[in-house]
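Residues per chain, in single letters:
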Amino acid sequence: MLVHLRPVRMDLALPAIQFGAVLLALRFGERPGTIAALVILLATGLLGWVRAIRHARLIADTPTARIASAAQGYTELQGRGQPLDGTPLLSPVNALPVLWYRLMTERRQSDGKWRVVSTDTSDASFLLDDGSGLCVIDPDGAEMLVRRCDEFRRDDMRYRQWALIRNDRLYVLGDFATLGSVDVDFDFATQVRDLLAQWKTNHPELLERFDLDGNGEIDLREWELARAQARREVRRMQTEVRAAPELHVMRRPADRRLFLISDRDPEQIGRNYRWLAAFHACVFLGAAAAGAWFVQIGVI
């Protein structure tokens, strides 16, 4: 069974809308109901087909990269899920450590049916380890395709939890960015000049630091001392920045392309999207054929 991080996904909403369109046609009679239903089926069929095909192509056409050498931008990664250092994320049901969870709480009604009381979804980040490096995965805005589902019952309450746990094999498709890295070919002279210009904007502090004879002026000898100090500070800052570790992050793309996190095989995911595209294409073509037939017999 699959669950998705977003409360309502287009993949699930469109078939529901299409089913509702059919009920609309049956409820409101031939002409008004049929016209409205056909418009809805044509629009949702076309939208669903375009969306499913786009997602299937993104999965098929985006090559799997290694974290250590991945290019910046839209990227596909595969590896093992690992927790971040520090306090672990715990399941709200059994207090076991997890990487991500979604908990659905249901209550049994007097008629024996279950009614959803609440849903709770974690938004904590976790790590992906592919052997070449570590990447922080930020699940905010992701479509989560998760297979693991555990069910717990307590009296008239039922808790269903979908979760990712440590060492799960994960597939992630999204925006890859490396933070904290620098270009080693920077212009040292420009850095020094900019720092000196910054010091000049605060003249009293500049005099306090480099006016050795106290005459209220910075002479050539004192200015050369200032330049030497600026060079030392620029070298120190560049050394510190170079020594800082790189932080790789996978997050939701700004251009709204598919952001997917799953413990399923990507080929299977792509195949499911292609089947979904075929379904929506059939809906669109069926609605178009029905519309043409209704026009021919004078129903609309």
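Computed from a predicted structure; not experimentally measured.

Basis of the calculations
Residues numbered from 1 in each chain as written. Predicted model: local features only at pLDDT ≥ 70, side-chain atom pairs only at ≥ 80, totals over all residues. Heavy atoms only, no water. Helix = DSSP H or I, 4+ residues; strand = E, 2+ residues; numbered from the N terminus. Buried < 20%, exposed > 50% of the residue type's maximum accessible area, 1.4 Å probe, protein only. Areas by Shrake-Rupley, 256 points an atom, 1.4 Å probe, with all protein chains shown as cover. Expected span 1.5 Å × (residues − 1). Arc of directions from axis to C-beta. Core = buried A, V, L, I, M, F, W, Y, C linked by side-chain atoms within 4.5 Å. Contact = heavy atoms within 4.5 Å. Polar contact = N/O pair within 3.5 Å; in protein donor to acceptor, adjacent residues only side chain to side chain. Pairing = 2+ DSSP bridges. Axes fitted to C-alpha atoms, helices over the stretch in contact; angles between N-to-C directions. Salt bridge = Lys/Arg side-chain N within 4 Å of Asp/Glu carboxyl O. Phe/Tyr/Trp six-rings, centres within 6.5 Å; stacked < 30°, edge-to-face > 60°. Lys NZ or Arg CZ within 6 Å of the ring centre and 35° of its normal.

1. Notes on the overall build of the protein
Next, step 1: When you go through the protein residue by residue, the secondary structure sums to 6 helices and 13 strands.
Next, step 2: In the protein, which comprises 300 residues, the share counted as buried stands at 39%.
Next, step 3: Accessible surface, the protein as shown: approximately 17,300 Å² in total, 55% of it carbon and sulfur.

2. Things to note about helix H3 (residues 188-200)
Next, step 1: For H3, built from 13 residues, the straight-helix expectation of 18 Å at 1.5 Å per residue is met to within 8% by its first-to-last C-alpha distance of 19 Å.
Next, step 2: Inspection of H3 places Val192, Leu195, Leu196 and Trp199 among the buried residues, and these make up the whole buried set. For H3, the angular spread of the buried residues around the axis is 100 degrees, confining them to a single face. Opposite the buried face of H3, by more than 90 degrees, sit the exposed residues Arg193, Gln198 and Lys200.

3. Structural notes on the nonpolar core
Next, step 1: Core analysis: the largest hydrophobic core is formed by 22 residues, its most contacted members being Leu77, Phe126, Ile137, Leu164, Met250 and Ile261.
Next, step 2: Of all elements in the fold, only strand S4 (100-108), strand S6 (126-129), strand S7 (134-137), strand S10 (157-164) and strand S11 (169-179) reach the threshold of two or more residues within this core.
Next, step 3: Of all the elements, S11 adds the most residues to this core, at 3 residues.

4. Some remarks on the environment of Tyr74
Next, step 1: In this fold, Tyr74 is placed in strand S1 (residues 73-82).
Next, step 2: Considering only alpha carbons, one finds Tyr74 and Pro253, 179 residues apart in sequence, at a separation of 7.3 Å.
Next, step 3: Apart from residues no more than four positions distant in its own chain, Tyr74 is found in contact with Leu58, Thr62, Leu173, Gly174, Asp175, Pro253, Arg257 and Leu258.
Next, step 4: Polar contacts involving the side chain of Tyr74 include one to the main-chain carbonyl oxygen of Leu258, which spans 2.6 Å.

5. A look at the sheet that holds S4
Next, step 1: Pairing in this open sheet of 4 strands is antiparallel, and the strands run S5-S4-S10-S9 from one edge to the other. The sheet is open, and its two edges are formed by strand S5 (114-121) and strand S9 (149-154), each paired on a single side. The average angle at which neighbouring strand axes cross in this sheet is 20 degrees, direction not considered.
Next, step 2: With 8 bridges joining them, S4 and S10 adopt antiparallel strand pairing. Directly across from Met104, in S10, lies its bridge partner Arg160.

6. A closer look at the pairing of S5
Every other side chain in a regular strand lies on the same face of the sheet, so the side chains alternate between the two faces.
Next, step 1: The pairing of S4 with S5 spans 7 bridges and is classified as antiparallel. In the strand pairing of S5, Leu103 is matched with Asp120.
Next, step 2: Where S4 folds back onto S5 in an antiparallel hairpin, the turn is made up of 5 residues, including Gly112, whose phi is positive at roughly 90 degrees.

7. A few points about the pattern of salt bridges
Next, step 1: Enumeration according to the criterion identifies 11 salt bridges in this entry.
Next, step 2: The salt bridge partner of Arg209 is Glu233, with a shortest N-O separation of 3.2 Å. Here the residue Arg209 occupies a position in helix H4 (residues 203-210), and Glu233 occupies one in helix H5 (residues 220-243), the gap between them amounting to 24 residues.
Next, step 3: With relative accessibility at 17%, the residue Glu233 sits in the buried group.
Next, step 4: In the salt-bridge network here, residues are joined through shared partners; they are Glu106, Arg158 and Arg160.

8. Some remarks on H4
Next, step 1: The set of residues buried in H4 consists of Leu206, Leu207 and Phe210. In an axial view of H4, the angular spread of the buried residues amounts to 100 degrees, which keeps them on one side of the axis. Opposite its buried face, H4 presents the exposed residues Pro204 and Glu208, each directed more than 90 degrees away.

9. As for the packing of aromatic side chains
Next, step 1: For the coordinates displayed, the defined rule picks out 1 aromatic pair.
Next, step 2: On the basis of an interplanar angle of 35 degrees and a centroid distance of 5.6 Å, the ring pair of Trp199 and Phe210 is categorised as tilted. One end of the pair, Trp199, is in helix H3; the other, Phe210, is in helix H4, with 11 residues separating them in the sequence. Grouping residues by exposure puts Trp199 and Phe210 together as buried.
Next, step 3: When the ring centre of Trp199 is taken as reference, the NZ or CZ atom of Arg209 above it lies at 4.5 Å.
Next, step 4: When the ring centre of Tyr74 is taken as reference, the NZ or CZ atom of Arg257 above it lies at 4.1 Å.

10. Brief notes about unusual backbone geometry
Next, step 1: Of note in the backbone geometry, Asp155 takes a positive phi value of approximately 55 degrees without being a glycine.
Next, step 2: Counting through the fold element by element, Asp155 comes out in the loop between S9 and S10.
Next, step 3: Overall, the relative accessible area of 80% leaves Asp155 in the exposed class.
Next, step 4: In this structure, Arg256 takes a positive phi of about 70 degrees despite not being glycine.
Next, step 5: Looking at the element boundaries, Arg256 is found in the loop between strand S12 (247-251) and strand S13 (260-262).

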